[in-house]
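Analysis of the macromolecular model
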Amino acid sequence: MPRGRYSLHDPHDHTPLGEEHFQCAPGPSGWRYVSQITTPSGDHAGSVDLTLDHRGRPLRLELRAARWQVRGAALDGVTWVRTDPTGEHAQEGNAAAHAFTGASPAFLVATARLLRPEPGSPATRVRLVAFTPPVLAPRTLDQSWAMVDSESHATDSGPLTVENYQVNDLETGDQHQIHLTGDVVLAAPGIELEDLESPPSTFT
């Protein structure tokens, strides 16, 4: 069960945004990721609880940030309920999308698991609903994902396969790369893996 810590920063000016302390593991249903997010000063800023099925679809999502909360799942596309800071009103939403995304590294692993592109294959288009802190307002976006290459690296605990992906925002034209090994993000815009207590899990 990988357990570790990511540092989060603004991908444009590198302003520190905090840290995400996480643990994740494959399970009977597919894969689960839970984390606690802190501010640069160490205060609690939110949490992520994401469960995928064996095909990479979101069985259950719960996000918290700045007193806002979102619960969602893959249902008629994706469906969610967003609760306001007072807790008195809840807004339901639905979109013809494949999955969710957001600031957490969990969503990069989830999208890669959903698409499972092969090295050298054409880019795959995917529609996602993004929830971005601090208010977790939903926004639908389209991306394309392609696996650039997959490399094996020798480590003390055995070979480690690193997958490199090219991700394009189809609305803005923004392009970036992310680097994954199993169910852990090694590096991505705004994300750095700072600590990992055990090897990543391997998807079968």
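One can find the structure itself at the top, above this paragraph.
Computed from a prediction, not measured in an experiment: that's the story for all the values here.

Moving on: the side chain of Asp-142. As for its position among the elements, Asp-142 is in strand S11 (residues 137-155). A distance of 2.8 Å separates a polar atom in the side chain of Asp-142 from a polar atom in the side chain of Arg-127. Every residue in contact with Asp-142, bar those within four places of it in the chain, is listed here: Arg-125, Val-126, Arg-127, Asn-168, Asp-169, Leu-170 and Glu-171.

Turning our attention to the nonpolar core. Membership of the largest hydrophobic core comes to 45 residues, with the highest contact counts inside it found for Phe-131 and Trp-145. Here this core takes seven residues from helix H1 (residues 106-115), the largest share from any one element. If sequence neighbours within four positions are ignored, Trp-145 has contacts with Leu-108, Thr-111, Ala-112, Leu-115, Ala-123, Thr-124, Val-126, Tyr-165, Gln-166, Val-167 and Ile-178.

Successive side chains on a regular strand alternate, one facing one side of the sheet and the next facing the other. Relative to S11, strand S10 (residues 124-132) runs antiparallel, the two sharing nine bridges. Looking across to S11, one finds that Phe-131 is bridged to Pro-138. Linkage of S10 to S11, two consecutive antiparallel strands, is achieved through a turn of four residues, within which Leu-136 is found at a positive phi near 55 degrees. The pairing of S11 with strand S12 (residues 158-169) spans twelve bridges and is classified as antiparallel. Bridged to Ser-152 within S12 is Thr-161. Connecting the antiparallel pair S11 and S12 is a turn made up of two residues.

Below, the discussion takes up the side chain of Asn-168. Relative to the elements of secondary structure, Asn-168 occurs in strand S12. Ignoring sequence-local partners within four residues, the contact set of Asn-168 consists of Asp-142, Gln-143, Ser-144, Asp-174 and Gln-175.

As a further point, take H1. Summarising burial for H1: nine of the ten residues are buried, a large majority. Residues Ala-106, Phe-107, Leu-108, Val-109, Ala-110, Thr-111, Ala-112, Arg-113 and Leu-115 constitute the buried set of H1.

Glancing now at a negative patch on the surface. A cluster of like negative charges, contributed by Glu-192, Glu-194, Asp-195 and Glu-197, occupies part of the molecular surface. Here Glu-192 shows up in strand S15 (residues 191-196). On the accessibility criterion, Glu-192 (34% relative accessible area) is partly exposed.

Let's shift gears to unusual backbone geometry. The general pattern is negative phi for most residues beyond glycine and trans for most peptide bonds. Look at the link from Pro-133 to Pro-134: it is a cis peptide, with omega at 10 degrees. Structurally, Pro-134 can be placed in the loop between S10 and S11. Located in the positive-phi region is Arg-67, a residue other than glycine, with phi close to 75 degrees. Within the element layout of this structure, Arg-67 appears in the loop between strand S5 (58-65) and strand S6 (68-73). A relative accessible area of 68% places Arg-67 in the exposed class. Backbone geometry places Asp-76, a non-glycine residue, at a positive phi of 55 degrees. Its location among the elements puts Asp-76 in the loop between S6 and strand S7 (78-83).

Thresholds applied
Along every chain, residues carry numbers that run from 1 in the direction the sequence is written. Whole-chain, interface and lining totals are the exception, using all residues; otherwise, since this is a predicted model, local features are given only for residues with pLDDT of at least 70 and side-chain atom pairs are given and counted only at 80 or more. Side-chain descriptors were evaluated using all non-hydrogen atoms of the structure, hydrogens and water having been removed beforehand. Labels follow the DSSP assignment, with helices taken as runs of H or I lasting at least four residues and strands as runs of E lasting at least two, numbered in each case from the N terminus. Residues adjacent in sequence count toward polar contacts only when both atoms are side-chain atoms; beyond that, a polar contact is any pair of N or O atoms within 3.5 Å, and within protein one must be able to donate a hydrogen and the other to accept it. The contact criterion used is simple: two residues touch if any of their non-hydrogen atoms lie within 4.5 Å. Put simply, a nonpolar core is a bunch of buried Ala, Val, Leu, Ile, Met, Phe, Trp, Tyr and Cys residues held in one set by side-chain atoms that sit within 4.5 Å of each other. Relative accessibility under 20% of the residue-type maximum defines a buried residue, over 50% an exposed one, and the middle range a partly exposed one, all with a 1.4 Å probe and only protein chains included. One bridge is not enough; two strands pair if DSSP finds at least two bridges between them. Residues form patches when they are more than 30% accessible in relative terms and have no salt bridge. Like charges link within 9 Å. Nonpolar side chains (Val, Leu, Ile, Met, Phe, Trp, Tyr) link within 5 Å. A 1.4 Å probe and the Shrake-Rupley method give the accessible areas. Residues count as covered only by the protein chains that appear here. Just to be clear on terms, a salt bridge is a Lys or Arg side-chain nitrogen sitting within 4 Å of an Asp or Glu carboxyl oxygen. Charge convention: Lys and Arg are scored as positive, Asp and Glu as negative, and His as well as the terminal groups of each chain are ignored. Taken as the charge centre is NZ of Lys, CZ of Arg, CG of Asp or CD of Glu, depending on the residue.

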